[in-house]
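Observations on chain architecture
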Amino acid sequence: MRLCRLLCLAAIGSAVPSAVCADFPNPYPAPVSGVRLTPETSPLPSINGARVLGVRPGAEVLFQVPVSGERPMQIRASGLPAGVKMNSRGLISGKAPMRKGEYRVKLQAANRHGKDAGEWVLKVGDDLCLTPPMGWSSWYSYSEAVGQDQVLKTARLFVERGLVNHGWTYINIDDCWQGKRGGKNFSIQPNKRFPDMKAMCRAIHAMGLKAGIYSTPWMGTYAGFIGGSAPDKKADYAGLSIPEKDRLQENQIFGRYPGVHRRHADRTGPVWLFDRDARQWAEWGFDYVKVDWKPNDVPTTERIRKALDESGRDIVLSLSNAAPYEHVEELSRLANLWRTTGDIEDHWGSVSGIGFSQERWQKHMSPGHWNDPDILQVGKLGKPNRPNTAFVQTRLSPDEQYTHVTLWCLLSAPLIISCDLENIDSFTMGLLTNDEVIAVDPGEFPGMDEGAGGRFHGSGLFQYRRLQGGSEGKSERYRPVRSLSGAGPLEACGPGNGGRGHCRGAQQPRCGHVPLHQEGVTPGMRAGFIGMVSPGGCSGIFSLIAEFRRTRAGLKPEHRIAFPPVFSDLFAGRFIYRYRGRLAT
């Protein structure tokens with residue numbers, strides 16, 4: 001294996017100055033760990049993140065308009081329905097109208113450097129989670145040591161580090177929060193590390209964020225705490241529990257994993273109590289629940305869905321883990337997201353094995369219903385199933401982390417991090433605030449099949465779908481949804497290439513070239529492309545975000561972009577590349 005020599009970007013009329021090519025050393029050096037490679041966030045106002053929120057009639061509305069740029073910032077909204085308002089920080093809140101429909105709101109953001117505008121849609125109907133959720137989970141972070149203080153600290157860091165300005169929304173508690181059953185609902189009450197769940201959720205909401213929690217329909221969770229069913233009406237687990245002297249925590253009654261299997265608590269008990277727990281979560285103010293058991297069967301999922309729907313609050317349902325593919329059609333109608341795999345790990349074998357095996361799942365997702373290939377393994381992590389107070393850098397290299405995030409965006413996967421935010425480095429912040437790549441993740445489409453009504457445009461190499469953006473004719477963005485694996489894209493690059501990917505200008509585009517004759521892509525529009533190249537040739541993933549401004553003349557419909565096989569830098573103002581690959585000899 002050898003690094004392919006970096007070659008210049010093919011000429012694209014006068015859209016790219018010839019001096020650009022001189023900016024790249026040859027070969028391009030490997031990135032240094034911790035050093036930011038993604039461009040710094042611009043001081044200019046930029047409205048980012050999801051542009052649609054799904055709520056049920058009369059439900060609580062909570063949406064923080066994600067706007068990056070230098071503060072102070074003025075954020076305005078016009079067209080909000082009655083009962084919904086926005087404060088000076090851009091936090092939209094209130095009660096949704098009782099009448100179903102789409103309520104379109106004009107957003108404006110301005111600071112001393114400039115302004116931005118866009119449209120946000122409040123969609124009142126039956127579906128929640130109309131874009132893949134973005135947030136944080138405690139599982140690969142504090143894990144068994146998770147507590148209210150750490151959760152609130154993480155929420156504050158979302159605001160202080162500016163992640164909330166880029167669309168990051170959910171603060172999710174995973175396993176290990178549970179105490180005993182009690183209260184008016186005879187529901188699971190929190191352990192002593194969570195003194196006031198309701199106050200915690202209220203504080204999270206006040207920051208413009210949403211709160212998530214964890215459970216299981218089994219009698220016990222994977223980490224050994226009680227779940228959503230019981231052996232009897234009194235919820236007496238004594239016959240299944242380990243002795244108190246052997247417990248690592250007072251409420252870890254089944255012992256650390258795999259104790260739940262050894263104590264035979266890994267099954268739904270004869271007394272169903274999940275509905276009581278759902279009512280309690282709604283009263284506390286939770287917006288999201290991860291429900292973890294295996295296999296994810298349809299009858300149990302129906303019971304879970306019913307309990308959440310009758311809880312009195314909109315609660316997103318995330319199924320875990322390893323949903324059976326043969327039941328994905330039924331599960332996808334009931335859940336908002338479902339795990340397509342077991343637990344991910346922070347090494348390339350796990351990330352690539354999961355990421356490159358998702359193609360068959362793609363046709364089953366639609367707005368409000370998402371495939372979940374598991375948590376992003378970026379930044380500094382803890383060890384699952386341990387009471388972590390210190391964190392170590394992911395074992396993924398910088399290039400592997402770029403590939404990881406890019407691939408998850410390409411798959412329209414939930415973007416859930418679990419890293420330490422207090423000591424986050426500049427490189428990881430760059431990954432998490434690269435808006436033009438993240439914008440690929442929540443692109444609008446009703447499904448991955450053209451027959452399902454998606455807006456597709458084929459080129460013979462890839463198919464693209466329209467992404468969010470383009471308000472007031474400002475931009476249109478497309479992304480590939482086909483040829484996610486195999487040799488399709490590479491073979492299409494031209495015979496005789498031999499997998500070396502030598503691109504020698506527009507006349508001989510070889511490695512990963514993309515014709516720009518897509519319908520709707522004109523010199524005055526923005527086109528965003530992220531694509532995957534064949535493991536048989538250029539291995540790995542490349543991403544290109546390219547903006548062609550109206551002031552740049554000379555781009556014709558037949559012009560092509562030839563991707564250099566190795567790139568990782570910002571150049572020419574608005575061209576961003578993120579890829580490092582090894583090419584077959």
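I will try to describe carefully the structure that is included in this document. Everything numeric in this text was worked out from a predicted model, so none of it was measured. Throughout this document, residue positions are counted from 1 along each chain, in the order its sequence is written. Residue-level local features of this predicted model are given only where pLDDT is at least 70; pairs of side-chain atoms are given and counted only at 80 or more, and the full residue set underlies all totals for whole chains, interfaces and linings. Side-chain calculation: all heavy atoms of the structure are included, whereas hydrogens and water are not.

1. A word on the pairing of strand β12 (residues 178-182)
Applied cut-off: Three labels apply to residues, based on accessible area from a 1.4 Å probe with only protein chains included: buried if under 20% of the type maximum, exposed if over 50%, partly exposed otherwise in between. Where helices and strands are cited, they refer to DSSP runs of H or I of at least four residues and of E of at least two residues respectively, numbered from the N terminus. Strand pairing follows a simple DSSP-based rule, namely that at least 2 bridges must link the two strands.
A large share of β12 lies buried, amounting to four of its five residues. Across three bridges, β12 lies against strand β13 (residues 187-190) in antiparallel orientation. Within β13, the residue paired with Gln-178 across the bridge is Pro-190.

2. Digging into the sheet that holds strand β3 (residues 60-64)
Here is the rule: Only the stretch in contact is used when a helix axis is fitted, and all axes are lines through C-alpha atoms; the angle between N-to-C directions ranges over 0 to 180 degrees.
Pairing in this open sheet of three strands is antiparallel, and the strands run β3-β7-β6 from one edge to the other. Of all strands in the sheet, those bounded by a partner on one side alone are β3 and β6 (84-86). Averaged over all adjacent pairs, the angle separating strand axes in this sheet is 10 degrees, with direction ignored. Here three bridges tie β6 to strand β7 (residues 91-95), and the two strands are oriented antiparallel to one another. Across the sheet, residue Met-86 finds its bridge partner in β7, namely Ile-92.

3. As for the environment of Trp-338
Checked against the element boundaries, Trp-338 lands in strand β19 (residues 337-339). Residue class for Trp-338 comes out buried when judged on its relative accessible area of 0%. Taking the C-alpha atoms as reference points, Trp-338 and Asp-372, separated by 34 residues in sequence, lie 5.4 Å from one another.

4. Quick word on unusual backbone geometry
Arg-71 connects to Pro-72 through a cis peptide bond whose omega is 5 degrees. Each neighbour pair has its own omega, and for Ser-320 with Asn-321 the value is 5 degrees, a cis peptide bond. Mapped onto the elements, Asn-321 comes out in the loop between β18 (316-320) and α6 (328-334). Positive phi outside glycine occurs at Ala-235, with the angle close to 55 degrees. Relative to the elements of secondary structure, Ala-235 occurs in the loop between β15 (229-230) and α3 (259-262). Note on Ala-235: relative accessible area 12%, which makes it buried.

5. Overview of the environment of Glu-345
Heads up, the condition is: Any pair of residues with heavy atoms lying within 4.5 Å of one another is described as a contacting pair.
Structurally, Glu-345 is set in the loop between β19 and α7 (348-355). Residue class for Glu-345 comes out partly exposed when judged on its relative accessible area of 42%. Note: C-alpha distance between Glu-345 and Arg-395 (50 residues apart in sequence) is 9.2 Å. Excluding its chain neighbours within four sequence positions, the residues that come into contact with Glu-345 are Ser-350, Val-351 and Gln-377.

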